[in-house]
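In case you want the letters, here they are:
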Amino acid sequence: MLVAGRIENFKDYSKFSSIKEFNNTIEMFLADHKKDFTKGELVAFKRLVRFSAKYVGVANAKIGTLVKATLAVHLNW
């Protein structure tokens, strides 16, 4: 079972060997699925991707932090 904690505790869950590989995977995913997202969902997904850069492919942000960051971009705060 996963328990919330420091992101360093989750870095071994990454399936990527580099940020370049991660970014390429995201690009390929969006090439196939971007049309399936609403504008707000796409903004949130891209924000989640940004939260997944320190340990490539691993995000440990609280949902409130993610929502706040997404709203800031989506609503131009």
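It should be noted that the structure appears before, not after, this text.
Being a predicted model, the structure only gives us computed values, none of them experimental.

By size, the foremost hydrophobic cluster in this structure holds seven residues: F22, I26, L30, L42, F45, V49 and V56. Listed by contribution, the elements that provide at least two residues to this core are α1 (19-33) and α2 (39-50).

Bringing α2 into the picture now. Across its 12 residues, α2 extends 17 Å between first and last C-alpha, which sits within 8% of the 16 Å expected from 1.5 Å per residue. Burial in α2 covers these residues: L42, V43, F45, R47 and V49.

A separate point is a nonpolar patch on the surface. Nonpolar side chains collect at one region of the surface, where I63, V67, L71 and L75 lie side by side and expose about 350 Å² of accessible area between them. With respect to the secondary-structure elements, L75 resides in the segment after α3 (63-74).

Here we take up the packing of α1 against α2. At their nearest, the axes of α1 and α2 sit 12 Å apart, and the two run at 165° to each other. With respect to each other, α1 and α2 are oriented roughly antiparallel. As α1 packs across α2, the resulting crossing turns out to be right-handed. Residues F22, I26, F29 and L30 of α1 form the contact with α2, whose participating residues are L42, F45, K46 and V49.

Scoring rules and cut-offs
Residues numbered from 1 in each chain as written. Predicted model: local features only at pLDDT ≥ 70, side-chain atom pairs only at ≥ 80, totals over all residues. Heavy atoms only, no water. Core = buried A, V, L, I, M, F, W, Y, C linked by side-chain atoms within 4.5 Å. Buried < 20%, exposed > 50% of the residue type's maximum accessible area, 1.4 Å probe, protein only. Helix = DSSP H or I, 4+ residues; strand = E, 2+ residues; numbered from the N terminus. Expected span 1.5 Å × (residues − 1). Patch = residues over 30% accessible without salt bridge, like charges linked within 9 Å, V, L, I, M, F, W, Y side chains within 5 Å. Areas by Shrake-Rupley, 256 points an atom, 1.4 Å probe, with all protein chains shown as cover. Salt bridge = Lys/Arg side-chain N within 4 Å of Asp/Glu carboxyl O. Axes fitted to C-alpha atoms, helices over the stretch in contact; angles between N-to-C directions. Parallel < 35°, antiparallel > 145°, perpendicular 65-115°, else oblique. Left-handed = near helix turned anticlockwise from the far one by under 90°. Contact = heavy atoms within 4.5 Å.

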